[in-house]
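Architecture and fold: a report
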Protein chains: 8
Amino acid sequence: KRTGFPEVVFCEGKPDAFLPKIFQHLVVADGRALGTRASEHQAGLVREVLPQASYDPVSRILSVAPEVPVSLVGHVAVVCAGTADTPVAEEAARVAEFFGSRVTRHYDVGVAGLHRLLDQMDREDGIRGANCVVAVAGMEGALASVVGGLVSVPVIAVPTSVGYGASFNGMAALLSMLNSCANGVATVNIDNGFGAAYLATQINRLAVGGSAS
Amino acid sequence: KRTGFPEVVFCEGKPDAFLPKIFQHLVVADGRALGTRASEHQAGLVREVLPQASYDPVSRILSVAPEVPVSLVGHVAVVCAGTADTPVAEEAARVAEFFGSRVTRHYDVGVAGLHRLLDQMDREDGIRGANCVVAVAGMEGALASVVGGLVSVPVIAVPTSVGYGASFNGMAALLSMLNSCANGVATVNIDNGFGAAYLATQINRLAVGGSAS
Amino acid sequence: KRTGFPEVVFCEGKPDAFLPKIFQHLVVADGRALGTRASEHQAGLVREVLPQASYDPVSRILSVAPEVPVSLVGHVAVVCAGTADTPVAEEAARVAEFFGSRVTRHYDVGVAGLHRLLDQMDREDGIRGANCVVAVAGMEGALASVVGGLVSVPVIAVPTSVGYGASFNGMAALLSMLNSCANGVATVNIDNGFGAAYLATQINRLAVGGSAS
Amino acid sequence: KRTGFPEVVFCEGKPDAFLPKIFQHLVVADGRALGTRASEHQAGLVREVLPQASYDPVSRILSVAPEVPVSLVGHVAVVCAGTADTPVAEEAARVAEFFGSRVTRHYDVGVAGLHRLLDQMDREDGIRGANCVVAVAGMEGALASVVGGLVSVPVIAVPTSVGYGASFNGMAALLSMLNSCANGVATVNIDNGFGAAYLATQINRLAVGGSAS
Amino acid sequence: KRTGFPEVVFCEGKPDAFLPKIFQHLVVADGRALGTRASEHQAGLVREVLPQASYDPVSRILSVAPEVPVSLVGHVAVVCAGTADTPVAEEAARVAEFFGSRVTRHYDVGVAGLHRLLDQMDREDGIRGANCVVAVAGMEGALASVVGGLVSVPVIAVPTSVGYGASFNGMAALLSMLNSCANGVATVNIDNGFGAAYLATQINRLAVGGSAS
Amino acid sequence: KRTGFPEVVFCEGKPDAFLPKIFQHLVVADGRALGTRASEHQAGLVREVLPQASYDPVSRILSVAPEVPVSLVGHVAVVCAGTADTPVAEEAARVAEFFGSRVTRHYDVGVAGLHRLLDQMDREDGIRGANCVVAVAGMEGALASVVGGLVSVPVIAVPTSVGYGASFNGMAALLSMLNSCANGVATVNIDNGFGAAYLATQINRLAVGGSAS
Amino acid sequence: KRTGFPEVVFCEGKPDAFLPKIFQHLVVADGRALGTRASEHQAGLVREVLPQASYDPVSRILSVAPEVPVSLVGHVAVVCAGTADTPVAEEAARVAEFFGSRVTRHYDVGVAGLHRLLDQMDREDGIRGANCVVAVAGMEGALASVVGGLVSVPVIAVPTSVGYGASFNGMAALLSMLNSCANGVATVNIDNGFGAAYLATQINRLAVGGSAS
Amino acid sequence: KRTGFPEVVFCEGKPDAFLPKIFQHLVVADGRALGTRASEHQAGLVREVLPQASYDPVSRILSVAPEVPVSLVGHVAVVCAGTADTPVAEEAARVAEFFGSRVTRHYDVGVAGLHRLLDQMDREDGIRGANCVVAVAGMEGALASVVGGLVSVPVIAVPTSVGYGASFNGMAALLSMLNSCANGVATVNIDNGFGAAYLATQINRLAVGGSAS
Ligand SMILES: Nc1ncnc2c1ncn2[C@@H]1O[C@H](COP(=O)(O)O)[C@@H](O)[C@H]1O
Ligand SMILES: Nc1ncnc2c1ncn2[C@@H]1O[C@H](COP(=O)(O)O)[C@@H](O)[C@H]1O
Ligand SMILES: Nc1ncnc2c1ncn2[C@@H]1O[C@H](COP(=O)(O)O)[C@@H](O)[C@H]1O
Ligand SMILES: Nc1ncnc2c1ncn2[C@@H]1O[C@H](COP(=O)(O)O)[C@@H](O)[C@H]1O
Ligand SMILES: [Mg+2]
Ligand SMILES: [Mg+2]
Ligand SMILES: [Mg+2]
Ligand SMILES: [Mg+2]
Ligand SMILES: [Mg+2]
Ligand SMILES: [Mg+2]
Ligand SMILES: [Mg+2]
Ligand SMILES: [Mg+2]
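The notes below deal with the structure included here. Only a predicted model underlies this, so the values are computations on that prediction, with no experimental measurement involved.

Procedures and definitions
One numbering rule holds for all chains: residues counted from 1, following each sequence as written. In the order they appear in the text, chains get letters beginning with A and ligands get numbers beginning with 1. Whole-chain, interface and lining totals are the exception, using all residues; otherwise, since this is a predicted model, local features are given only for residues with pLDDT of at least 70 and side-chain atom pairs are given and counted only at 80 or more. As a rule here, side-chain values cover all heavy atoms of the structure and leave hydrogens and water aside. Whether two residues are in contact is decided by their heavy atoms, any of which lying within 4.5 Å being enough. Here the quantity called buried area is the accessible surface, traced with a 1.4 Å probe, that two parts lose on coming together, added over both. The working definition used for a salt bridge is a side-chain nitrogen of Lys or Arg within 4 Å of a carboxyl oxygen of Asp or Glu. Polar contact is defined as a pair of N or O atoms within 3.5 Å, subject to the rule that within protein one atom must be able to donate a hydrogen and the other to accept it, and that residues adjacent in sequence are counted only when both atoms are side-chain atoms. Pairing between two strands is assigned when DSSP locates at least 2 bridges connecting them. Helix and strand assignments follow DSSP, with helices taken as H or I runs no shorter than four residues and strands as E runs no shorter than two, numbered in order from the N terminus. The convention used is that axes are lines fitted to C-alpha atoms, helices contributing only their stretch in contact, and that angles between N-to-C directions extend from 0 to 180 degrees. Superposition of the copies used a least-squares fit over C-alpha atoms from residues whose pLDDT is at least 70 in both. Here a residue is considered near a molecule or strand provided that any single heavy atom belonging to it is located within 4 Å of it. Only the protein chains shown count as cover for residues, and all accessible areas are computed by the Shrake-Rupley method using a 1.4 Å probe. Gly is put with the polar residues, along with every residue not named as nonpolar or charged; the nonpolar set is Ala, Val, Leu, Ile, Met, Phe, Trp, Tyr, Cys and Pro, and the charged set is Asp, Glu, Lys and Arg. Coordination partners: N, O, S within 2.8 Å of the metal, 3.2 Å for Na, K and Ca; water not considered, so apparent gaps in a site are possible. When accessible area is computed with a 1.4 Å probe and restricted to protein chains, residues below 20% of their type maximum are described as buried, those above 50% as exposed, and intermediate ones as partly exposed.

1. Considering the interface of chain C and chain B
- The interface of chain C with chain B comprises 26 residues on the first partner and 26 residues on the second.
- Together, the buried faces of chain C and chain B total about 2,200 Å²; carbon and sulfur atoms form 63% of this surface.
- Three residues stand out in chain C for area buried against chain B, namely Ser152, Leu178 and Leu206 of chain C, and they jointly supply 25% of the buried area on that side.
- The interface formed by chain C and chain B holds 0 salt bridges in total.
- At the junction of chain C with chain B, the criterion picks out 7 residue pairs in polar contact (both at pLDDT 80 or more).

Below is the structure:
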């Protein structure tokens, strides 16, 4: 809380015995809780002690919402290339919302069909209005460069492990994003939707006039 | 000649003593000659025996044109992302012309400024009219995917070694192109403008109704 | 359809709930449908709603043929090195046929037994008559270079993940193909039979005198 | 200018004939100009036509300042690990200032001497007060994680090619930064001080209440 | 025994038929036995013949303690970054104790929360008092550098495979540790808690005045 | 001599002061001497003290022949793909002759022109008659597999650093050779003509009925 | 048979329906058959049709011995570093015997206990008497270099995938063997006991005075 | 000095203007100074201001000895594989002596000639008597494992960049050492003789009964 961000649980690999306790502890302290990379099985364990917990199998996010919903501020746009990138994009979107950012989603707008992306730019609540864009893509990750060329706010690029063969589990997209020819693109780890949401929220908070934390 | 393609000399690393002889031999046999990756120094050596040889320091192509110019057929579009990719693009363009393809050049149309690329699509002699597109790009190589999404003819992608750091001398662009989310993109070796021109000419010849060779 | 190619479904990883719907939708719209990388399980799901769907466990292709068969044009030769490469070769062959190309198959003609490959060159419907060759090989991928040296039409090289140890899941074959000493070889992603078929069809269509799309 | 950022010239590899013209063109249009990765030799060429140009051999920045200095806003902290990282840090600092950000420098504060870094946190104009931190480090790049743990604003991590052996020209630092255990760290390409400055300025502008561009 | 170290069994992959016999053999010869990387299943097999064997599922250590406990000498500090690194840290700690070193544990003191690490330095039985420090960390492995900068005894760095994406199964941490900017840091293989314990014990024994073996 | 092989000097990097002495020492002891990877400059130094030394700039071999020529036995065939591979092939050939093997050379028989290779198989002193074949190739290294499929004696494959881009200084050829689909192929280090000659001689000696040494 | 070697079946991945037929076919043609990398399950399938087939779960070799045992000639020594390397060593040994070579086994003689290896050198039927040595090792693969320094016959080095972490599935051993400082060492693919046996037999046959095939 | 170690200057890349000042500063403060990786040119610059400075071109160490020689304690053995590894070994030896350790040198004892290494074990001032061994090797780096198996004190392994081709500038030796099958081996960065000397001195000091610093 010192950082101004509620703690988020990284569920993957956490022993069965601990996870429900961690969630209970957070809910008692904070009135809410959120875990990333949770399995269906882990969701079941937590729901035994916290029946109000909800689980989204796409993003693998397991959460207990606060009783009074947090009001969302500013604007973070989450953009992703293919439907297979949705889990990571949705992790980013839900975490950013948990952190209090207003999020717009622009999914399946990969560069092989450029018009779909361009359609999302200037419409109401379009990408152009965001304080920060999270660009999620696997395979060759070209989306980050194209988006970076279209907007003038920071783009947080998230390579995903979507692809096969020479995608080398996301390395192709990662290298692509690190070498983006567009200005204003920074990169986080492969599949790290959480990390992108954290940064996007820091930037969004600065933009709406508060502090980053 | 059996292949229907005049021989092209790979000049890099050829000993000084041999290069002029190879060129003389080709000019005698064929009335013309072309070498790739030639240095200024090698150009000088060849011009001592073949004063009509011309050298282009950008593409590093050293050539002796035939007395009666070859007529160029069909349409190959050579597209490149940044000015630093010009040497490879120009190698591709000149080799394709040497092989008898009509070439249009569309340079410095990287995806960070999408409008420049879109402007080149449907204008007179635009990219859209080509039988084959050669897409040349370094850094993250996103150009190949974007072009691949815009045209329905084969795209021969040429990654270049332009970039620094995590471009790893063209590997980022290479992996990017191999993982292109657009259909109809095949890749050749890093900086291999020659190889792309060879393939583009084979395709262009098939399209204009002759055989590939 | 704008591209002149029917849509192809990438089945791997698609949720059970969506796949049958996607197939139904395509069959309604187009009278036929084809999916790559489908599992036996997915085939079952689709056959519940489309009993006429047929599944090939080797190529993992799941398809609904049109009532009136499409007539096949031109000539694409699909060549593969070992029997273990057959799944990828067969994916290429079936996709190319779905796209309307006439295909000849030349399987298990790896370079360790050169005569088998040479036998396939000039026989009736041999490799030599093709407008485009798809060369599929794992391990060291030498087939692409040898075929590239024998034909003068474009060779689309498909590295496969067949092999072990230092084949690094297809990387040895991929690098081999990118560095081919034969002219007229371009490469697609590891195991990407689909992508090769797409390109081969574009080239084949240009050669038979239509447009690529 | 459309982006709200003056154009910056990437000097490395630019032909001698072009560079002075590019600078003259920018000075005429904009009253000022800045180039990164310029050599001593290139500085000489530009100074022949623009004697007021100044060159910093450490950051390799070549610039023509505007007659009326731009007033600097907000606060970007540039932090670097060792003296060998200074060139990249100074590229970041000078570019950020050229873009109008107020910059504080905190150099040679690598994690092997933690107290030097801690001393820079809360002093006047210390790291803690920044809207964005640029963390520059080679070798193992641990500085980004430690700084990321100490501040709650975005950290833009810049791996440098400083090191030898298993640093693999900056790859060790790059991987380290991508895997940072601290929240709020995003990474740009190896040695890309320019890119970090661009992002830091976008964030700093948002924080001081303007738009990012 | 020639080396002054009891033999330790590497259980992973040992056939079911052999493991109990190896343990029985060691217990007969030496009055005790210890195996690393044992599975729950293997523990069961061994306990059928040696019911006194105890198994720790976290460190995966399976051991038969001597009847008269060995007295522990000197001081080895085992430090780890995150809770996910505990298995490797605990392997190191238990092996070092089996070899006769007195061990203090300092877990979950990753550099994103520097105060937790600093708290462990000078307290009673703190890190500062050790003859050798074993520093265990995954992700970016920055802990080794920070600890190396704080202590003046040898630091044995153990990268772990904890992390995802660009951690490449521990390679990021490994490279980080090999490039540590702090003096007095040497590295062992990824997840090799055993190897670190061996070295730490050699050093600890030399420090307490005996021979290393 | 214990090994039955005269010592061979690895000249690269040897200090100027030492090299002539080493050669003198060997000539005194053995009546002859041979060095690999010698520079023109080093040849000059050695010829100052041993004027009879001869230097071959292609293979970079510097040698002092014995007064009475060694009679050569058996048959080692050295095969190479392109003219650029000649230096490595010639290093292998000359070293094998120095070790007493009769060598036949079959150069520039890369697989892109299969007939040239096949022509060399069964002619007088053709490849087929050898006790061991040394196959030297850069780029994609396919020669080793094709030769391996044609002969039934051991093939020692030597990848060379010839190529560019994704040849990664010989790694593509190296991986290719390690994954050869032909039986009876073993690989030595990139550009290691010497090592191949050593092995080929061991095998050749065994075949002619002596011992390997 | 043209090669003088009976065909060997690579069982891994062969479909259930085919394997028994392949074995039956070979037994009919040749009176015997051998398959590598066979699973327990595959052994069962083959034994249904060929009850005399025997399966060795360690080497995963499935074989039908000829009625009259083949007499074994010459001497191939198979050496391995650790017990975990036994499967690969045993694959090499059994295949070499199937090919008619007399084999001696020297297992678990890794360089960490040098005396065990030295003990095996000159004893009766020791390593020193072999015509060819197959050296099998994982982890750091140092065995090949040490053996190479001790014998003067060819050493065929087989890296294994034994190890963890930075062994990268055999790559550490592979690189180690390719860079061996001992003369007379050539390398085959990771875990390729079969390939080593093939080469060793070729060499052994040449040494006993026959042809390699 | 807080660490008990005199500061050592890393000369490589230090600007000409700074180096003499740094040396002067250290000599004034400490009566002595030592720099690693110094060039001949840098030695000249320093000797202009400190004529008593001595330079060793092999190890590239530039030093000013104290007037009263430091007395050397304990025993560190520095072992190296080939003469080409001498620069790194000698850097380690001289730095260890500068830090006050008594050093014995055992050079050119690579594993291809095992007897040379074994000869150095138990002779007077042999390797066996050391408190710590520094093992320096390039190529396949097997020396570290063999030495690790022979001694029971810590071995600090230093991979060197000696080698070519698949040594990948020291990576083969590095991976080899990290995967050592011998116990008690830890690794430092490629060519980091300095780092090994630092650790060896810490261990040596602990062994002679003082503190590590
Ligand atoms: N830039 C290039 N990259 C790759 N291959 C080339 C290039 N230029 C020429 N070639 C090929 O190299 C062959 C000539 O090689 P060489 O005999 O060494 O001159 C030509 O027939 C082409 O196949
Ligand atoms: N050091 C740098 N690293 C990466 N990009 C840069 C750098 N300096 C300038 N740039 C970018 O390169 C563009 C200019 O490239 P160019 O047209 O080649 O001069 C600028 O608009 C910046 O986007
Ligand atoms: N373990 C093995 N590793 C590599 N190649 C093998 C192995 N076992 C058999 N082979 C080779 O594979 C060929 C048979 O392959 P297949 O036709 O797929 O059974 C044999 O003739 C051998 O050349
Ligand atoms: N050869 C070397 N390799 C690695 N680190 C070194 C080397 N020589 C000196 N150092 C370290 O570098 C520090 C000095 O760095 P600098 O301040 O850049 O001179 C010393 O205190 C040592 O910790
Ligand atoms: Mg932008
Ligand atoms: Mg397309
Ligand atoms: Mg061809
Ligand atoms: Mg932070
Ligand atoms: Mg320290
Ligand atoms: Mg063969
Ligand atoms: Mg030997
Ligand atoms: Mg030891």
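What follows continues from the structure just given.
2. Overview of the sheet that holds strand E2 (residues 33-36) of chain D
All names here are of chain D.
- One open sheet holds the 4 strands; their spatial order is E1-E2-E4-E3, and the pairing between them is mixed. Every other strand in the sheet has two partners, leaving strand E1 (9-10) and strand E3 (54-56) as the edge strands with one partner each.
- Sheet strands in contact with helix H1 (residues 19-30) are E1, E2 and strand E4 (61-64), and its direction is about 145 degrees off that of E2.
- Where helix H3 (residues 86-98) meets the sheet, its contacts fall on E2, E3 and E4, and the angle it forms with E2 comes to roughly 160 degrees.

3. Considering the sheet that holds strand E4 (residues 61-64) of chain B
All names here are of chain B.
- Taken together, 4 strands build an open sheet; the order of strands is E1-E2-E4-E3 and the sheet is mixed. Pairing within the sheet leaves two strands with one partner each, and these edge strands are strand E1 (9-10) and strand E3 (54-56).
- For strand E2 (residues 33-36) and E4, the ladder comprises 3 bridges, and the chain directions are antiparallel. Bridge pairing in E4 links alanine 33 to valine 64.
- Relative to the sheet, helix H1 (residues 19-30) contacts E1, E2 and E4, its axis offset from that of E2 by approximately 145 degrees.
- Most of the contacts of helix H3 (residues 86-98) go to E2, to which it runs at about 160 degrees, and overall it touches E2, E3 and E4.

4. Structural notes on the arrangement of the chains
- These two, chain B and chain E, are apart from each other, with no contact and a minimum C-alpha gap of 13 Å.
- Spatially, chain D and chain F are disjoint, and the shortest separation between their C-alpha atoms is 15 Å.

5. Re the relation of the copies chain C and chain B
- For the pair chain C and chain B, the relating rotation is 180 degrees, the translation along its axis is 0.0 Å, and the fit reaches an RMSD of 0.0 Å. Taken together, the turn and the small shift mark the pair as related by a two-fold rotation axis.
- Most of the interface of chain C is mirrored in chain B, where 100% of its interface residues are also at the interface.

6. Describing the site of ligand 4
- Around ligand 4 lies a shell formed by Tyr164 of chain D, Asn183 of chain E together with Glu7, Val8, Val9, Phe10, Lys14, Thr36, Arg37, Glu91, Asn192 and Phe194 of chain H.
- Chains contributing residues near ligand 4 are chains D, E and H.
- Here threonine 36 of chain H contributes a side-chain N or O atom positioned 2.7 Å from a nitrogen atom of ligand 4.
- Contact between ligand 4 and glutamate 91 of chain H: a nitrogen atom at 3.5 Å from a side-chain N or O atom of the residue.
- A total of 490 Å² of accessible area belongs to ligand 4 in isolation, and the protein chains cover 75% of it.
- In terms of residue class, the shell around ligand 4 is made up of 5 nonpolar, 3 polar and 4 charged.

7. With respect to the coordination of the magnesium ion (ligand 10)
Residue and element names in this part refer to chain F.
- Protein coordination of the magnesium ion (ligand 10) is provided by Gly148 (O), Val151 (O) and Asn183 (O), with donor distances spanning 2.2 to 2.7 Å.
- The sequence pattern formed by the donor residues of the magnesium ion (ligand 10) is G-x2-V-x31-N. Comparing glycine 148 with valine 151, the two get one shared label, buried.

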